[in-house]
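These are the residues of each chain, in order.
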Amino acid sequence: MSEVQNFKVTIDNITLEVPPGTTILNAARMIGGEVTPPAMCYYSKLQGSGGKCRTCLVEVSKGSEKDPRPMPKLVASCRTTVMDGMEVKNITSEKVLDARKGVVEMLLINHPLDCPVCDQAGECHLQDLSYEHGGSGTRYEFDRRTFEKEDIGEYISLHMTRCILCYRCVYTAEQLTERREHGVLERGDHAEISTLLGKSLDNEFIGNVIDVCPVGALTDKTFRFKNRVWFTKPVDAHCNCTKCSGKVRLWMRGDEVFRVTARKDKWGEVEEWICNDCRFHKKDVKDWTIEGPSKIDRHSVIGQGHYVGLKKTPILIDKVIGKNPKMLMDIHDVSDVNKPEIHLSQIQGPAHSDDFQKKDK
């Protein structure tokens, strides 16, 4: 049998080879950095996810070598597979940037401004998305959508007003647990996550819906209002668990374990699912074997002040624009102040313009 030939795809002027069937989003993730479109609903470990939030829209300027015509509309990169010779624009397309800004505005229309009291603050994907791709204001003048509070059990807190209907929690419960008590009810702006009959979510692995939620709609009741995530230190640990792998991430402050979550990769996706016992019941350091501090690969407020030598997001602007960035002006050459050879700490008293004048003047 002959080997399957890889497809060549160009994303923001960066060319790579990927296996047939690879989506544009996963191909962009192989490059990394700003070339990778954001994703709020796609989850590589959940079948059927993607195609709902529209934040990963990209422009296909060339369909393939056989059919070089561009696609007439922006496409969801998480659901569109690459073709040999395909050319894709993400951050190099004004259409994409404008459309993504509109998608963010739509997601924030009904989202409450309760980041100061939300347990997801500091690790919220919607916060990152709005900061990187959103606008500075809103045009929405009407009352925001609200829902009645619903009790879904002793471990998980549901804030439906924060939900963006990504369906991740539904797919997780359906594919990971033996039964699913919750789902999406109603349609349109009345759609909501609910159990309908007021049932509690008590399956052995149902706690994983907390980890897959990109916003603060599903949070851990055992951690609620106890601490801010940036005040805690993430530590990798494991235990001998008969239900799951036992590989977790402890969020500690001193010797106290405030919460337990699954370990996540640089895209914010769970590496291995964990059971409720590990997540909710083992909050003592003695229950765990500490491996060491967690590695924070991406820019995050969680890593600030904790570790040295964090991996930085690769700078790809020279490859994207096809040349090295040109410095238009060097302030030191055109200004008589702020000379690099003059150390401000060595100047007697406050610095004045006379301190930066050349000696021959």
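About the thresholds
- Residues numbered from 1 in each chain as written.
- Predicted model: local features only at pLDDT ≥ 70, side-chain atom pairs only at ≥ 80, totals over all residues.
- Heavy atoms only, no water.
- Helix = DSSP H or I, 4+ residues; strand = E, 2+ residues; numbered from the N terminus.
- Contact = heavy atoms within 4.5 Å.
- Expected span 1.5 Å × (residues − 1).
- Buried < 20%, exposed > 50% of the residue type's maximum accessible area, 1.4 Å probe, protein only.
- Arc of directions from axis to C-beta.
- Pairing = 2+ DSSP bridges.
- Axes fitted to C-alpha atoms, helices over the stretch in contact; angles between N-to-C directions.
- Core = buried A, V, L, I, M, F, W, Y, C linked by side-chain atoms within 4.5 Å.

*Asks:* Before we go on, may I ask you to explain the overall build of the protein in this structure?
*Replies:* Along its length, the protein carries eight helices and 13 strands. Long-range contacts, defined here as pairs at least 24 residues apart, represent 63% of the contacts in the protein between residues at least 6 apart.

*Asks:* How should helix H2 (residues 94–107) be read in this particular structure?
*Replies:* For an α-helix, the turn length of 3.6 residues means that residues three or four places apart are oriented alike. Compared with an ideal rise of 1.5 Å per residue, which puts 14 residues at 20 Å, H2 spans 20 Å between its outermost C-alpha atoms and is within 8% of the ideal. Taken together, the buried positions of H2 are occupied by Val96, Arg100, Val103, Val104 and Leu107. Looking straight down H2, one finds that the buried residues subtend no more than 100° of arc, so they occupy a single side. For H2, exposure combined with an orientation more than 90 degrees from the buried face picks out Glu94, Lys95, Asp98 and Met106.

*Asks:* Just to check I follow, could you spell out the sheet that holds strand S5 (residues 86–89) for this structure?
*Replies:* Consider a sheet: its strands pair through backbone hydrogen bonds, and that pairing is either parallel or antiparallel. Overall, mixed pairing links the five strands, which are arranged S2-S1-S5-S3-S4 in an open sheet. Edge positions in the sheet fall to strand S2 (14–18) and strand S4 (75–76), since each of these pairs with one other strand and no more. With two bridges connecting them, strand S3 (residues 57–62) and S4 associate as antiparallel partners. From the neighbouring strand, Leu57 faces S4, where its bridge partner is Ala76. Relative to S3, H2 is tilted by about 160°, and along the sheet it contacts S3 and S5.

*Asks:* Where do I start with the environment of Lys199 in this structure?
*Replies:* Of note, Lys199 is situated in the loop between strand S8 (192–194) and helix H5 (208–212). Put simply, Lys199 and Gly153 are 46 residues apart on the chain and 7.7 Å apart in space, counted from C-alpha to C-alpha. If sequence neighbours within four positions are ignored, Lys199 has contacts with Asp151, Ile152 and Glu181.

*Asks:* I would appreciate a short explanation of the sheet that holds strand S13 (residues 289–293) in the present structure.
*Replies:* Here we have four strands laid out as an open sheet, ordered S12-S11-S10-S13, and antiparallel in their pairing. Each edge of the sheet is formed by a strand with only one pairing partner; in this case those strands are strand S12 (256–262) and S13. Each adjacent strand pair in this sheet contributes to an overall mean axis angle of 35°, direction not counted. The pairing of strand S10 (residues 233–238) with S13 spans four bridges and is classified as antiparallel. Among the inter-strand pairings, Asp236 is bridged to a residue of S13, identified as Gly292.

*Asks:* Looking at this model, I keep getting lost on the nonpolar core. Mind explaining?
*Replies:* Side chains of a nonpolar character, in soluble globular proteins, are inclined to be buried together. Ranked by size, the top nonpolar core spans 33 residues in total, and within it Leu126, Ile156, Val215 and Leu218 carry the most contacts. If you list the elements that add at least two residues to this core, you get H2, helix H3 (125–133), strand S6 (156–158), helix H4 (168–176) and H5. Setting aside anything within four residues of it in sequence, one finds Val215 in contact with Met40, His111, Gln120, Cys124, Leu126, Arg162, Cys163 and Ile164. Tyr43, Ala237, Val248 and Val257 belong to the second largest nonpolar core, which has 22 residues in total.

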